[in-house]
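If you want the building blocks of each chain, they are given just below.
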Amino acid sequence: MRTSIIAALIAASSLASLTACGSGEPSYDARTDRNKDGSAMAYLSLPDATVDEAEAAIRDYAGTLDGSEWVTILISDGTGPDGRLICSATWMKDEKAAQKWGGRFKSDTWPGLDVRCPHGR
């Protein structure tokens, strides 16, 4: 009986691992520092990430943003004290926020997201 329970747990664990890998959602650590002026800095860490995985993590994280007008998102590989920068992005809540923060940010849809990946392309 104990053997069949252990086998069932192993099978369930393996299935859960395969499901998580197939979901396409990146697993990253995030820290957000919010400022009183409505802006924020988000630091994402995704060890051994490819540029595509880093972009996916930024887009995933941007989908969770609420309460800020402007967020700068930095994603690194997490090595060393700061890690190697993989990508950065600017997220703006709406056109009004973009105008408030200098008017240089343009987007066809809101919230707007501008992702830049200097490494790997």
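Quick summary incoming for the structure in this document. (Residues numbered from 1 in each chain as written. Predicted model: local features only at pLDDT ≥ 70, side-chain atom pairs only at ≥ 80, totals over all residues. Heavy atoms only, no water.)

Comments concerning the pairing of strand 3 (residues 70–76)
Strand residues, when the strand is regular, have side chains that alternate between the two faces of the sheet.
Inference 1: Of the strand pairs in this sheet, strand 2 (residues 39–45) and strand 3 are connected by seven bridges, and their pairing is parallel. By the bridge assignment for strand 3, Leu44 is matched with Ile75.
Inference 2: Taken together, strand 2, helix 2 (residues 51–62) and strand 3 constitute a β-α-β crossover, and its handedness is right-handed.
Inference 3: Relative to strand 4 (residues 85–92), strand 3 is paired through seven bridges, and the arrangement is antiparallel. (Pairing = 2+ DSSP bridges. Helix = DSSP H or I, 4+ residues; strand = E, 2+ residues; numbered from the N terminus. Right-handed = clockwise from strand over helix to strand, strands pointing away.)

Overview of the packing of aromatic side chains
Inference 1: For the coordinates displayed, the defined rule picks out three aromatic pairs.
Inference 2: Measuring from ring centre to ring centre gives 6.4 Å for Tyr28 and Tyr61, while their planes differ by 80°; the resulting arrangement is edge-to-face. Here Tyr28 is found in the loop between helix 1 (2–22) and strand 1 (29–34), whereas its partner Tyr61 is found in helix 2, with 33 residues between them in sequence. Across this residue pair, the class does not change: Tyr28 and Tyr61 are buried. (Phe/Tyr/Trp six-rings, centres within 6.5 Å; stacked < 30°, edge-to-face > 60°. Buried < 20%, exposed > 50% of the residue type's maximum accessible area, 1.4 Å probe, protein only.)

Observations concerning the pairing of strand 2
Inference 1: Strand 2 sits mainly inside the fold: five of its seven residues count as buried.
Inference 2: Between strand 1 and strand 2, which pair antiparallel in sequence order, lie four residues; one of them, Gly38, sits at a positive phi of approximately 100°.

Considerations on the sheet that holds strand 4
Inference 1: Taken in spatial order, the five strands of this open sheet run 1-2-3-4-5, and their pairing is mixed. The outermost strands of the open sheet, each flanked by one partner alone, are strand 1 and strand 5 (112–116). Averaged over neighbouring strand pairs, the angle between their axes works out to 15° when direction is ignored.
Inference 2: Against the sheet, helix 2 contacts strand 1, strand 2, strand 3, strand 4 and strand 5, and its axis sits at roughly 25° relative to strand 4. (Axes fitted to C-alpha atoms, helices over the stretch in contact; angles between N-to-C directions. Contact = heavy atoms within 4.5 Å.)

A word on the environment of Phe105
Inference 1: Along the chain, the position of Phe105 falls in the loop between helix 3 (95–100) and strand 5.
Inference 2: We classify Phe105 as buried; its relative accessible area is 13%.
Inference 3: Spatially, the C-alpha atom of Phe105 lies 8.6 Å from that of Thr90, the residues being 15 residues apart in sequence.
Inference 4: Beyond its immediate chain neighbours, meaning those up to four positions away, Phe105 contacts Thr90, Met92, Ala98, Trp110, Gly112, Leu113 and Asp114.

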